[in-house]
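A closer look at the structure
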Amino acid sequence: MQNIPSVDLRDFLSDDPARKQKFVNEIGKAYEEIGFVALKGHFLDDRLVDELYSEVRNFFNLPLEVKEKYEIPGIGGQRGYVSFGKEHAKGRSAGDLKEFWHFGQYLSEGSKYASEYPENVTVTELPKFNTVGKEAYQMLEKTGIYVLRALAIYIGLDEFYFDKFIKDGNSILRPIHYPPITDEPKDGAVRAAAHGDINLITLLMGAQGKGLQVQNHDGQWIDAIAEPDELVINVGDMLSRHTNNKLKSTIHQVVNPPRELWGTSRYSIPFFMHPISEMPLNCLENCIDADHPKLYDDITAGEFLYERLVDLGLIKK
């Protein structure tokens with residue numbers, strides 16, 4: 001496969017069973033073959049997208065000493081600011097050429113997860129940053145719920161199977177700034193080294209230009225470029241593991257631009273959809289057979305997340 005397939009969520013949301021099944025078949029096939037799709041018909045409108053990018057630029061343009069006061073120690077970078085070069089891909093030591101922010105879950109009053117999740121961090125210098133971030137978080141989460149419902153149908157589960165695991169899930173909205181490159185990167189550092197995502201699915205804003213690349217099953221790197229009205233959505237390692245690799249988590253990277261474009265910034269905003277920590281990621285029975293033996297040991301989402309945050313250098317053992 002040389003291109004990222006495009007699907008339209010409005011097919012799934014329609015009252016026409018044939019259109020709904022068409023979406024299920026298309027997204028399921030894409031996730032079996034390459035693990036990525038470009039999605040139209042999501043719940044982000046143009047106003048919200050424009051406001052979010054404006055606020056994200058405003059934040060990353062703040063002086064470093066202002067941004068650093070929002071870097072919270074001891075929480076593995078799960079909320080607030082993470083400074084340039086702190087995160088690296090699993091198996092690498094060179095830090096990625098990026099800085100980023102984390103918005104986390106907005107829990108209902110009295111939620112039992114209030115003691116488990118760090119609180120969201122408020123940027124006092126930019127009052128709209130937090131309100132726009134919350135709105136975008138909730139619209140991306142809403143989109144992700146329907147994508148997971150379609151995937152549940154595709155793998156032979158009840159349509160609402162994932163709902164109980166993603167309500168109050170530990171999902172993260174991550175605005176990323178890849179700053180201009182001013183010197184030759186050391187140790188082969190790139191904006192985001194080749195990696196698979198940790199979570200169930202990732203919904204990505206900001207794949208409208210070259211930079212994001214996906215590795216197909218032949219080991220070739222394909223440019224993943226979305227239309228202006230599309231999100232790029234990929235399978236994460238949790239979902240791949242849970243489906244015994246029926247739905248594939250695909251390795252991807254963000255490469256450095258040509259030298260003549262080193263002076264430019266890149267912004268992207270992924271939403272990492274995580275379940276609650278006690279969700280079992282045990283391989284589903286209906287994804288195991290004689291031709292597809294069980295590939296992974298049993299583990300919970302919380303245990304798996306902790307292991308990976310250690311791998312990424314965000315938590316020190």
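Throughout what follows, the structure given in this document is the object of discussion. Throughout this document, residue positions are counted from 1 along each chain, in the order its sequence is written. Local features in this predicted model are restricted to residues of pLDDT 70 or higher, and side-chain atom pairs are both shown and tallied only at a pLDDT of 80 or more, whereas totals for entire chains, interfaces and linings draw on every residue. Based on all heavy atoms of the structure, the side-chain values leave hydrogens and waters out of the count.

1. Focus on the pattern of salt bridges
As a working rule, side chains carrying opposite charge can pair if their charged atoms are close by. Salt bridges, as used here, are contacts in which a Lys or Arg side-chain nitrogen is within 4 Å of a carboxyl oxygen on Asp or Glu. Across all of its chains, the model carries 18 salt bridges by this definition. For Lys-294, the salt bridge identified is with Asp-298, shortest N-O distance 2.8 Å. Under the scheme applied here, a residue whose accessible area is under 20% of the maximum for its type counts as buried, over 50% as exposed, and between as partly exposed, the area being computed with a 1.4 Å probe on protein chains only. Relative accessible area serves as the criterion here: at 43%, Lys-294 is assigned to the partly exposed category. Among the residues examined, Asp-298 registers a relative accessible area of 48% and is labelled partly exposed. Through salt bridges with shared partners, a single network forms among Asp-11, Arg-19, Lys-22 and Glu-26.

2. Remarks on the environment of Gly-41
Here a helix means four or more residues in a row that DSSP labels H or I, a strand means two or more in a row labelled E, and each is numbered from the N terminus. By the secondary structure assignment, Gly-41 is in the loop between strand E2 (36-40) and helix H3 (46-60). On the basis of relative accessible area, Gly-41 is assigned to the buried category, the value being 16%. The spacing of Gly-41 and Ser-265 is 224 residues in sequence and 28 Å in space, taken between C-alpha atoms. For this analysis, residues touch if any pair of their heavy atoms sits within 4.5 Å. If we skip the residues at most four places from it in the chain, Gly-41 touches Asp-8, Leu-9 and Arg-10.

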